[in-house]
Amino acid sequence: MTTKDLFKERMNIRKTNPIRAAVLGMLIDTVQKSIRELNREETEDDIARAAKKMYDQTEATIAEYKKGGADTAQLEAEREVLKEFVPESLSPEQMETAVRTIIGELPEDQRNLKTIMPRLKSIPGMDMKAAKNIVESLL
């Protein structure tokens, strides 16, 4: 799926499903801004990464709104749309297996956080905070 596909869907549903259309618009903008900053072509991973970031931000906003007793129905609807684009999170066992595999592929002198973390970032569903803890415990 590309941002062009998302744009087509957005145009087709903008009157029948305005919440989804708005979320798709924000997702498209986020992805396009990201690829412009990095000066490269778009990949499917860009959409998943942007959706994950937006999903996490929406989760945090919902929590804050609930603390204040505000209505979160709109945000919850947006979160559900974003959920479709967020890759499944890896289990702790799957993350540890991936970390062990990457460490095993590296020469002894390159087995450090600086070398391992960028490789882990490219794995869909990898929780980078948990991955860092796993790497630190294995090194």
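Our subject is the structure that appears above.
The following paragraphs examine the structure supplied in this document. (Residues numbered from 1 in each chain as written. Predicted model: local features only at pLDDT ≥ 70, side-chain atom pairs only at ≥ 80, totals over all residues. Heavy atoms only, no water.)

1. A closer look at unusual backbone geometry
Step number 1: Despite not being glycine, Asn-39 shows a phi value in the positive range, around 55°.
Step number 2: Within the element layout of this structure, Asn-39 appears in the loop between helix H2 (18-38) and helix H3 (44-67).
Step number 3: You can call Asn-39 exposed: its relative accessible area is 70%. (Helix = DSSP H or I, 4+ residues; strand = E, 2+ residues; numbered from the N terminus. Buried < 20%, exposed > 50% of the residue type's maximum accessible area, 1.4 Å probe, protein only.)

2. Side note on the packing of helix H6 (residues 113-121) against helix H7 (residues 128-138)
Step number 1: Where H6 contacts H7, the two axes come as close as 11 Å, and the packing angle between them is 145°. Where H6 crosses over H7, the handedness of that crossing is right-handed. On H7, the residues touching Leu-113, Ile-116, Met-117, Leu-120 and Lys-121 of H6 are Met-128, Ala-131, Lys-132, Val-135 and Glu-136.
Step number 2: By residue class, the composition of the contact of H6 with H7 is seven nonpolar, no polar and three charged. (Axes fitted to C-alpha atoms, helices over the stretch in contact; angles between N-to-C directions. Left-handed = near helix turned anticlockwise from the far one by under 90°. Contact = heavy atoms within 4.5 Å. Nonpolar A, V, L, I, M, F, W, Y, C, P; charged D, E, K, R; others polar.)

3. Notes on helix H4 (residues 73-83)
Step number 1: Residues of H4 that are buried include every one of Leu-75, Glu-78, Arg-79, Val-81 and Leu-82, and no others. Each buried residue of H4 sits inside an arc of 160° when the element is viewed along its axis, so together they form one side.
Step number 2: Each element contacted by the buried residues of H4 is listed here: H2 and H3. (Arc of directions from axis to C-beta.)

4. Focus on H6
Step number 1: Taken together, the buried positions of H6 are Ile-116, Met-117 and Leu-120. The arc that holds the buried residues of H6, viewed along the axis, is 100°, so those residues lie on one side. When the buried face of H6 is taken as reference, the exposed residues oriented beyond 90 degrees from it are Lys-114, Pro-118 and Lys-121.
Step number 2: Buried positions along H6 lie against helix H5 (92-105) and H7.
Step number 3: A side-chain oxygen of the first residue of H6 lies 3.2 Å from the backbone nitrogen of Lys-114; this N-cap is Asn-112. (Polar contact = N/O pair within 3.5 Å; in protein donor to acceptor, adjacent residues only side chain to side chain.)

5. Remarks on the side chain of Thr-58
Step number 1: Tracing the backbone through its elements, the reader meets Thr-58 in helix H3.
Step number 2: On the accessibility criterion, Thr-58 (10% relative accessible area) is buried.
Step number 3: Side-chain polar atoms of Thr-58 contact the backbone oxygen of Met-54, separated by 2.8 Å.
Step number 4: With near-sequence residues (within four places) excluded, Thr-58 lies in contact with Leu-75, Arg-79 and Leu-82.

6. Overview of the side chain of Arg-79
Step number 1: The residue Arg-79 is located in helix H4 in this model.
Step number 2: Residue classification places Arg-79 among the buried residues on the basis of a relative accessible area of 18%.
Step number 3: If we skip the residues at most four places from it in the chain, Arg-79 touches Tyr-55, Thr-58, Glu-59 and Ile-62.

7. A word on the layout of surface pockets
Step number 1: Considering only enclosed or pocket space, the largest pocket measures out at about 970 Å³ in volume.
Step number 2: Lining the largest pocket are 29 residues, with Ala-48, Arg-49, Ala-50, Lys-52 and Lys-53 sitting closest to its centre.
Step number 3: Elements with a contribution of two residues or more to the lining of the largest pocket: H2, H3 and H7.
Step number 4: When residues in the lining of the largest pocket are grouped by element, the largest group, nine residues, is from H3.
Step number 5: Its residues assigned to classes, the lining of the largest pocket shows 11 nonpolar, five polar and 13 charged. (1 Å grid on protein atoms, 1.4 Å probe; cavity = no way out; pocket = protein on both sides within 12 Å on 5 of 7 lines; lining within 4 Å. Points joined across faces, edges and corners; volume = space filled by probe spheres on them.)

Structural measurements only, silent on function.
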